[in-house]
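Residues per chain are reported as follows:
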Amino acid sequence: MHTTTARTDEALLPSPPYFDPTRLRAELAALHAEHGEGARPALLERLKYLRRHALAASERRLLADGKGRACAAGLSHFQDELVRLIFDHAATDVYRATNLSSGERIAVAATGGYGRGLLAPGSDIDLLFLLPYKQTAWGETVVEYILYLLWDIGFKVGHATRTVDQCMNAARSDMTIRTSLLDARHVHGEAELFTAFETKFRASLVPGTGREFVEAKLAERDDRHARTGESRYLVEPNVKDGKGGLRDLHTLHWLMKYLHDAEPGEGAVAGGVFSPSEYHAYRRCEDFLWTVRCHLHFLTGRADERLTFDLQPEMATRLGYQGHAGLRSVERFMKHYFLVAKEVGELTRILCAALELRQLKSTPSLGALVRGLGWRSRIKIRRMTDFKVEHGRLTLEDRDVFRRDPVNIIRMFQLAEQHDLLFHPEAIRLVHGSLRLIDDGLRADPVANAIFLKLMTSKAGAEPVLRKMNEAGVLGRFVPEFGRVVAMMQFNMYHHFTVDEHLIRTVGLVSRIERGQLEEDHPLATEIFPHLKNSRLLYVAAFLHDIAKGRKEDHSIAGARIAKSLCPRFGLTDAETDTVAWLIENHLVMSNFAQSRDLADPKTIRDFAEIVQTLERLRLLLVLTVVDIRAVGPGVWTGWKGQLLRQLYYATEPLLAGDSAAPTTVEKVARAEAAFRTALGDLHSDVVEGLIARHHPGYWLRTGREQQIADARLMLEADAAGRTVASHLATDPFAALTSLTIYTQSHPAILALMAGACSSAGADIVSARVYTTRDGMALDTFLISRDLGSDADEERRAGRIVASIEKLLRGETTLARLMKGKRRLAPRLAAFSVAPDVSIDNSLSNAFTVIEVSGRDRLGLLHELTSALSELDLDINSAHVTTFGERVVDVFYVTDLSGRKIVQPARQRSVRERLLEVLSRTGDEVEAAG
């Protein structure tokens, strides 16, 4: 609470040149005197004008000096002046009362963020109208007038009208209200009344409730982090409520103010909670985050707290970032943002730990309520001469522990991991002050590296200990190559976390698979893990696989080279180093084959087996691929990707195992036909043989048993009913897919029509299989990502898509009509530019030409590509769709209409040019073309 009308720092600003309180009061009084109640429109326009000018002036100042906290303080100061102006006008001109009773005195206070004297351009305005007794008719009228005027100006106003006792009662039962009142600040009206409120709040509510308040604020923080994302390294962070954002600093402010009646500023330094450097770090972080938040509100024109991809480039420009050292300007800005978020996290740990230790003397259970700061009692660590445990926290015997033996910096994390200990704030401070001791000598020390390798490959604690080392700044110093990717974001929609966070999460997923915790999601990876000859290679590869991101060279190749340098340092043998380097160089190969190649084509499997060469490498690569994809972010891993990886693994395993009994293609077809006969044993043999005769051999190689049976039923029912168009749909919750099959007369444009119908419904297509029977019927199947929770809802959505496809095939509607009004390019996608590319390869398949196209994704793109291929007289056998955020990679296995590959250079050139034209079109151009 503040008894002054503003803060004692940069917020003490003069009124803006256009805001002369005396002149404005006279102007409003004259308006009312002349027009009475009819003065409101002119009054409102005048006040809106003041607000527009205040915002414009604040934005100009922010762009000029880049001081976000000063901008927020200035806006709060303007708001104070405006509230005073409106209050005086209401009480003096509109509802003038000559003899106010003692019960009609009002104090106007700012609460919440406004009470702290800091407002973003779009922030809510929280007001408390404080009364000495119950509300009077005059007071109610004045308050109502003020609120309606503020609302009509355009402010979002939160308000309460209470007596002092009512405030106490509300704050006693509601922690949110108590926190808001903690920040209460007198703005106008009866100062003595506000002082009485302030005194009573501190005297009657605070004593003896410190533990309760801390518990509530930390639980609230955890809930907020759970809502906005547990990691502070999400690449579209919430500046206000996200982990490492402004609200975390507010939490520190509340804890300090409630427990010590001081903010985390000079008072915290004087009280020994913060060191001077930590206090300056607090203010630096606060100013940076306020700068970003104010710019964010100015950019969007509203209270938008999420720093989305489409806003990040403009934010980087406003803040003056330049591209450098392989990073674009937006990536350099975001790296700065995440370094600040990291520092906020470190300040949070220090302050919470310090406050906890002070409270533990009387309330030891408090420690269990601080996330990540648990209470441990009576811990004994034998032969620990340089470390000790105080109040359940690991600390140092003296301040020279690290100087005497720098290996102790690494050893400290080992002890914490072994004994499940948390760090004393003084230990954290000393680590920060000793980072310079992590030099080439320590990096080359065999003992330090042996400890680090043990931590990195810990089955139980690898992820948490690596994250602690990273937060403390130790990891990036001990492994400088890792330090280059700390807080590095990649400006794309595929990766959800910074590179360092992705690597640490990948290591954590390896340990979770080893412990069997992800068996339901990853049955094959869990099954083969115990059979690995050397599982620690997986941990090292997981830790290093993206360590070369942000360089001009391919990160897989550069990463393998870095691994060859680091692994011997960590203590790996030459053979182990070679395997880790191979895994890193090829860590994308298995996912690329699985998602972009025809797994029913024998050449695909042979090509993959030739790269992998050994069964042990296949097992290692499968697990690494799984954890890499899953660690990208929520929703990236799907059951369909798992199914493709398992299919590729099972097809490759016999080749690498030297299975001489592996069946030939002819034998595979014969076995599939025999199994088909058995499965349809309820039908007459002539009917079954007739179905078999209608299919080419490739059908039996490329279609699973369940699909074969579903196709057979569909064909028989459609033929019996004389239907020209028939369909079948099935959902697969485990693979998170819905399968749509269309049976109709074959035509080159069918695939394009199906793709268009799916796009018009917003369905994400992951794969398409095109098949034509010997008698000229199309049997085409699309796999679309599951979008809805229940099977029934998903089936209804798929049913609508099928109905659209059937209408298209019968000529009852057009794609232009279906696509009308659909947004071709999502706003977030507009922030990205992806260079279109087309490659045509005849070496990847013995029977087909493989065309790979990549570019920026947009609604209807697959339809446009398949339409173009149809217009080029190309027959699509299969299509494989992979989306990496904003970038889509579509692979088509095609022939000409006579079934031959596309080999003529001129023909290939025309195909490439046509597809590049499609990829280069914008959504608006597509819409204009109909």
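Residues numbered from 1 in each chain as written. Predicted model: local features only at pLDDT ≥ 70, side-chain atom pairs only at ≥ 80, totals over all residues. Heavy atoms only, no water.

Engineer: I'd love a proper account of the pattern of salt bridges, names of residues and values included.
Structural biologist: Counted by the stated rule, this structure contains 58 salt bridges. The shortest N-O distance in the salt bridge between E576 and R536 comes to 3.1 Å. Here E576, found in helix α27 (residues 574-585), pairs with R536, found in helix α25 (residues 536-544); they are 40 residues apart in sequence, far enough to count as distant. Of the residues examined, R536 reaches a relative accessible area of 29% and is grouped as partly exposed. (Salt bridge = Lys/Arg side-chain N within 4 Å of Asp/Glu carboxyl O. Helix = DSSP H or I, 4+ residues; strand = E, 2+ residues; numbered from the N terminus. Buried < 20%, exposed > 50% of the residue type's maximum accessible area, 1.4 Å probe, protein only.)

Engineer: Before we move on, could you go through the sheet that holds strand β2 (residues 125-131) and cite the residues and values that matter?
Structural biologist: Read from one edge to the other, the open sheet built from 4 strands follows the order β3-β2-β1-β4, with strand pairing classed as mixed. The two strands at the open ends of the sheet, each matched to only one other strand, are β3 (157-163) and β4 (185-189). Geometrically, the sheet is characterised by an average inter-axis angle of 25° between neighbouring strands, direction not taken into account. Pairing geometry for strand β1 (residues 107-110) and β4, over 4 bridges, is antiparallel. Each residue of the ladder has a partner; that of A107, found in β4, is G189. Across the sheet, helix α6 (residues 164-173) touches β2 and β3, and the angle it forms with β3 is around 115°. (Pairing = 2+ DSSP bridges. Axes fitted to C-alpha atoms, helices over the stretch in contact; angles between N-to-C directions. Contact = heavy atoms within 4.5 Å.)

Engineer: Quick rundown of the packing of aromatic side chains? Include the residues and the values.
Structural biologist: For the structure on display, the rule yields 19 aromatic pairs. Aromatic pair F213 and Y258: ring centres 3.9 Å apart, planes at 5°, arrangement stacked. Of this pair, F213 sits in helix α9 (residues 210-228) while Y258 is found in helix α10 (residues 246-260), placing the two residues 45 residues apart along the sequence. Arranged with centres 5.1 Å apart and planes meeting at 10°, the rings of F482 and F543 form a pair that is stacked. Here F482 is found in helix α22 (residues 480-483), whereas its partner F543 is found in helix α25, with 61 residues between them in sequence. (Phe/Tyr/Trp six-rings, centres within 6.5 Å; stacked < 30°, edge-to-face > 60°.)

Engineer: Could you give me a rundown of the environment of E463, with the residues and numbers involved?
Structural biologist: Summarising the element assignment, E463 is placed in helix α20 (residues 462-471). The residues touching E463, leaving out its near neighbours within four places in the chain, are I504, R505 and G508.

Engineer: Explain the sheet that holds strand β9 (residues 737-745) residue by residue, including any values.
Structural biologist: Here 8 strands make up an open sheet; going across it, the order is β8-β9-β11-β10-β14-β15-β13-β12 and the pairing antiparallel. Looking at strand neighbours, the two that pair on one side only are β8 (725-732) and β12 (837-841), the edges of this open sheet. Strand-to-strand, the axes of this sheet are offset by a mean angle of 15°, without reference to chain direction. Relative to strand β13 (residues 849-856), β12 runs antiparallel, the two sharing 5 bridges. Paired with S839 across the strands is E852, a residue of β13. Where helix α28 (residues 589-596) meets the sheet, it contacts β14 (874-884) and β15 (887-896), and its direction lies at approximately 135° from that of β14.

Engineer: Give me the lowdown on the packing of helix α30 (residues 615-630) against helix α31 (residues 639-656), citing residues and values where you can.
Structural biologist: The N-to-C vectors of α30 and α31 enclose an angle of 175°; their axes lie 10 Å apart at closest approach. In terms of orientation, α30 and α31 fall into the roughly antiparallel class. On α31, the residues touching L615, L618, R619, L622, T625, V626 and I629 of α30 are K641, L645, Y649, T652, E653 and L656. Grouping the amino acids of the contact of α30 with α31 by side-chain chemistry returns 8 nonpolar, 2 polar and 3 charged. (Parallel < 35°, antiparallel > 145°, perpendicular 65-115°, else oblique. Nonpolar A, V, L, I, M, F, W, Y, C, P; charged D, E, K, R; others polar.)

Engineer: Hey, could you go over the pairing of strand β5 (residues 387-390) for me, with residue numbers and the actual values?
Structural biologist: Pairing geometry for β5 and strand β6 (residues 393-396), over 4 bridges, is antiparallel. Following the sheet pairing, K388 is matched in β6 by T395. The turn joining β5 and β6, which pair antiparallel and follow one another in sequence, is formed by 2 residues; a positive phi near 50° is taken by H391.

Engineer: For the packing of helix α7 (residues 175-182) against α10, give the residues involved together with the corresponding values.
Structural biologist: Their axes nearest at 11 Å, the elements α7 and α10 cross at an angle of 80°. In terms of their interaxial angle, α7 and α10 are classed as roughly perpendicular. Taking contact as the criterion, the partners of R178, T179 and L182 in α7 are, on α10, W254, K257 and Y258.

Engineer: Help me get a handle on the state of the cysteines, residues and values and all.
Structural biologist: Evaluation of the coordinates by the stated rule reveals 0 disulfides. Free cysteine C294: the closest other cysteine sulfur is in C71, separated by 3.9 Å. (Disulfide = S-S within 2.5 Å.)

Engineer: Please give an account of helix α1 (residues 21-35) that cites residues and values.
Structural biologist: An ideal rise of 1.5 Å per residue puts 21 Å on 15 residues; α1 measures up with 21 Å between its terminal C-alpha atoms. Among the residues of α1, P21, L24, L28 and L31 are the ones counted as buried. One side of α1 carries all its buried residues, which in axial view fall inside an arc of 90°. Away from its buried face by more than 90 degrees, α1 exposes T22, A33 and E34. Tucked inside the fold, the buried residues of α1 contact α2 (40-65) and α3 (68-94). Of the residues one or two after α1, G36 is the one with positive phi, at around 60°. (Expected span 1.5 Å × (residues − 1). Arc of directions from axis to C-beta.)

Engineer: If you had to explain the nonpolar core to someone new, which residues and values would you point to?
Structural biologist: One finds F197, M412, F452, V474, F482 and L622 to be the most contacted residues of the largest nonpolar core, which totals 221 residues. Among the elements that make up this core, the one with the highest residue count is helix α14 (residues 329-360) (13 residues). In this structure L622 touches L524, A525, I528, M590, L645 and Y649, once residues within four positions along its chain are discounted. Counting 44 residues, the second-largest nonpolar core is a separate cluster that includes I742, A778, L862 and V911. (Core = buried A, V, L, I, M, F, W, Y, C linked by side-chain atoms within 4.5 Å.)

Engineer: Describe in detail helix α32 (residues 665-679), supporting the description with residues and values.
Structural biologist: Every α-helix winds through 3.6 residues per turn, so residues three or four apart in the chain are directed the same way. The end-to-end C-alpha distance of α32 is 21 Å, a good match for the 21 Å that 15 residues give at a rise of 1.5 Å each. What α32 keeps buried is the set V669, A672, E673, A675 and F676. Burial along α32 is one-sided: seen end-on, the buried residues are contained in an arc of 165°. The exposed residues of α32 that point more than 90 degrees off its buried face are V666, R671 and T678. Those residues of α32 hidden inside the fold are in contact with α33 (685-693), α34 (697-702) and α35 (705-721).

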